[in-house]
Amino acid sequence: MHVKKGDMVQVITGKCKGQTGKIAAVSLKEGKVIVEGVNISTKHLKPRQQNTAGSLVKVESPLYSSKVMLVCPECNSATRVGKAVDGSGVKKRKCKKCGNLF
Ligand SMILES: [Zn+2]
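Residues numbered from 1 in each chain as written. Predicted model: local features only at pLDDT ≥ 70, side-chain atom pairs only at ≥ 80, totals over all residues. Heavy atoms only, no water.

**Some thoughts on the pattern of salt bridges**
Evaluation of the coordinates by the stated rule reveals three salt bridges. K4 is the salt-bridge partner of D7, the closest N and O atoms lying 3.9 Å from each other. Across the pair K92 and D86 runs a salt bridge whose closest N-O atoms are separated by 3.9 Å. On the basis of relative accessible area, K92 is assigned to the partly exposed category, the value being 28%. When salt bridges that share partners are traced, they join K4, D7 and R93 into one network. (Salt bridge = Lys/Arg side-chain N within 4 Å of Asp/Glu carboxyl O. Buried < 20%, exposed > 50% of the residue type's maximum accessible area, 1.4 Å probe, protein only.)

**Examining the nonpolar core**
V3, V9, V35 and V68 are the most contacted members of the largest nonpolar core, which has 14 residues in total. Where this core is concerned, the elements lending two or more residues are β1 (8-11), β3 (32-35) and β7 (68-70). Beyond its immediate chain neighbours, meaning those up to four positions away, V68 contacts H2, V3, V9, Q10, V11, I12, V33, V35 and L63. (Core = buried A, V, L, I, M, F, W, Y, C linked by side-chain atoms within 4.5 Å. Helix = DSSP H or I, 4+ residues; strand = E, 2+ residues; numbered from the N terminus. Contact = heavy atoms within 4.5 Å.)

**Notes on the coordination of the zinc ion**
The protein atoms that coordinate the zinc ion are C72 (SG), C75 (SG), C95 (SG) and C98 (SG), at distances of 2.3 Å. Here the zinc ion is ringed by four donor atoms whose angles at the metal span 105 to 118°, and the overall shape comes out tetrahedral. The motif formed by the donor residues of the zinc ion, counted along the single chain, is C-x2-C-x19-C-x2-C. Judged by relative accessible area, C98 falls into the partly exposed class, the value being 37%. (Donors = N, O, S within 2.8 Å, 3.2 Å for Na, K, Ca; no water. Tetrahedral: all angles 85-135°; square planar, octahedral: opposite > 155°, others 65-115°.)

**Re the environment of E36**
Mapped onto the elements, E36 comes out in the loop between β3 and β4 (40-45). For the pair formed by E36 and C95, sequence separation is 59 residues and the distance between their alpha carbons is 22 Å. If sequence neighbours within four positions are ignored, E36 has contacts with G21, K22, A24 and E60.

**A few points about the environment of A78**
Summarising the element assignment, A78 is placed in the loop between β7 and β8 (81-85). Once the C-alpha coordinates of A78 and V11 are considered, the two residues, 67 residues apart in sequence, prove to be 8.8 Å apart.

**Overview of a nonpolar patch on the surface**
A cluster of nonpolar side chains, namely M1, V26 and L28, defines an oily patch on the protein surface of about 290 Å² accessible area. Given the relative accessible area of 46%, M1 is considered partly exposed. (Patch = residues over 30% accessible without salt bridge, like charges linked within 9 Å, V, L, I, M, F, W, Y side chains within 5 Å. Areas by Shrake-Rupley, 256 points an atom, 1.4 Å probe, with all protein chains shown as cover.)

**Overview of the sheet that holds strand β6 (residues 63-64)**
The strand order β6-β3-β2-β1-β7 describes an open sheet built from five strands, whose pairing is antiparallel. Two strands in the sheet have a free side with no partner beyond their single neighbour: β6 and β7. (Pairing = 2+ DSSP bridges.)

The following block contains the structure:
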């Protein structure tokens, strides 16, 4: 998986193409991610008790991780990244456009 929770990503294909958001959750088993505010579907909840109305709830549906690209915080665009290690030995990603480590 090239992304993790909290990463900013852009959707590169499908009906949500071009939308950006933060990764809210990752499912390694399914190879899918949930991106905040992207791929929203509406769920209809039935009334559970008497005198309680049913409601519509908007939830993000998971996307395949291959449909999203990391967004570099420095040049603010969807980018390919390489692996890099910073001065203190922490593993980071390196933006192939601007060279920023993040
Ligand atoms: Zn960059």
